[in-house]
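Listed below, chain by chain, are the residues.
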Amino acid sequence: FFFFQAEDGIRDFCLSRGLGDVYKRQMLPTMVKEGYKILDLVHFFTIGSDEVRSWTIRRGTKAPLAGTVIHSDFEKGFVHVEVIKYQDIVELGSESAIKKKGRFKKEGKDYEVQDGDILHFKINRGKK
C-alpha cells in the first residue's frame, strides 16, 4: 500500500529498536481506514439492548440492500429505517435527546446509508 512509503522512517525506527509489534499495532487503524477508502466501503451500526454491532457495505448502498448484510429477508420486507447520526449520539448522548432535537429520522427505500449511521430496520416479516 502507498501509505507505507510515507511511514518508512517510523517503521525503520521501530524495527531498529525491536519495536516491530508497537509499529504494527499503531499502523493497524491506519491500514483499516485506508483499506476501507480504497475499497469504497463504509460501515453502519445496529444497537440492541445488550450489544452494538458494526456492518460493512459499499458506499452508496440503499437501506433495503444494506439490511441484507444482517438478514436476506430485510430487503424483501423493508418498510423503513430509523436513522441516528453517529455525531448526534456523541453530541446529545441519547436517543431521547436526539428525538427532542428533531434529529431522529425515518427514511425510505431510497435512503443511501452513510458511514457511521446507527440504523434500526423496520420490516414486514409476512411480505414475500
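With respect to a nonpolar patch on the surface
Among the surface-exposed residues, L28, M31 and V32 lie close enough to one another that they form a single nonpolar patch of about 240 Å² accessible area. Within the element layout of this structure, V32 appears in helix α3 (residues 20-39).

Overview of the packing of aromatic side chains
Applying the stated criterion across every chain, the model contains two aromatic pairs. Between the aromatic rings of F74 and F121, the centroid separation amounts to 5.6 Å while the plane-to-plane angle is 50 degrees, which identifies the pairing as tilted. Of this pair, F74 sits in helix α5 (residues 73-76) while F121 sits in strand β5 (residues 118-123), placing them 47 residues apart in sequence. Like F74, the residue F121 is buried in the burial classification.

Focus: the environment of R53
Position of R53 among the secondary structure elements: in strand β2 (residues 52-58). Along the backbone, R53 and I70 are 17 residues apart, and their C-alpha atoms lie at a distance of 10.0 Å. Those residues in contact with R53 that lie beyond four places of it in its chain are F44, F45 and T46.

Digging into the pattern of salt bridges
Throughout the structure, instances matching the rule amount to seven salt bridges. Across the pair R103 and D88 runs a salt bridge, and its minimum N-O distance is 2.9 Å. Taken together, the residues R103 in the loop between α7 (95-100) and β4 (105-107) and D88 in helix α6 (residues 86-92) connect sequence positions 15 residues apart. By relative accessible area, which is 28% here, R103 ends up partly exposed. We note a salt bridge from K99 to E95, for which the minimum N-O separation is 3.3 Å. Here the residue K99 and the residue E95 both occupy positions in helix α7, the gap between them amounting to four residues, near one helical turn. Judged by relative accessible area, E95 falls into the partly exposed class, the value being 38%. A single network of salt bridges, built from pairs that share partners, joins D88, E91 and R103.

Reading guide: rules and limits
- Residues numbered from 1 in each chain as written.
- Predicted model: local features only at pLDDT ≥ 70, side-chain atom pairs only at ≥ 80, totals over all residues.
- Heavy atoms only, no water.
- Patch = residues over 30% accessible without salt bridge, like charges linked within 9 Å, V, L, I, M, F, W, Y side chains within 5 Å.
- Areas by Shrake-Rupley, 256 points an atom, 1.4 Å probe, with all protein chains shown as cover.
- Salt bridge = Lys/Arg side-chain N within 4 Å of Asp/Glu carboxyl O.
- Helix = DSSP H or I, 4+ residues; strand = E, 2+ residues; numbered from the N terminus.
- Phe/Tyr/Trp six-rings, centres within 6.5 Å; stacked < 30°, edge-to-face > 60°.
- Buried < 20%, exposed > 50% of the residue type's maximum accessible area, 1.4 Å probe, protein only.
- Contact = heavy atoms within 4.5 Å.

Remember, this is a structural readout, not a statement about activity or role.
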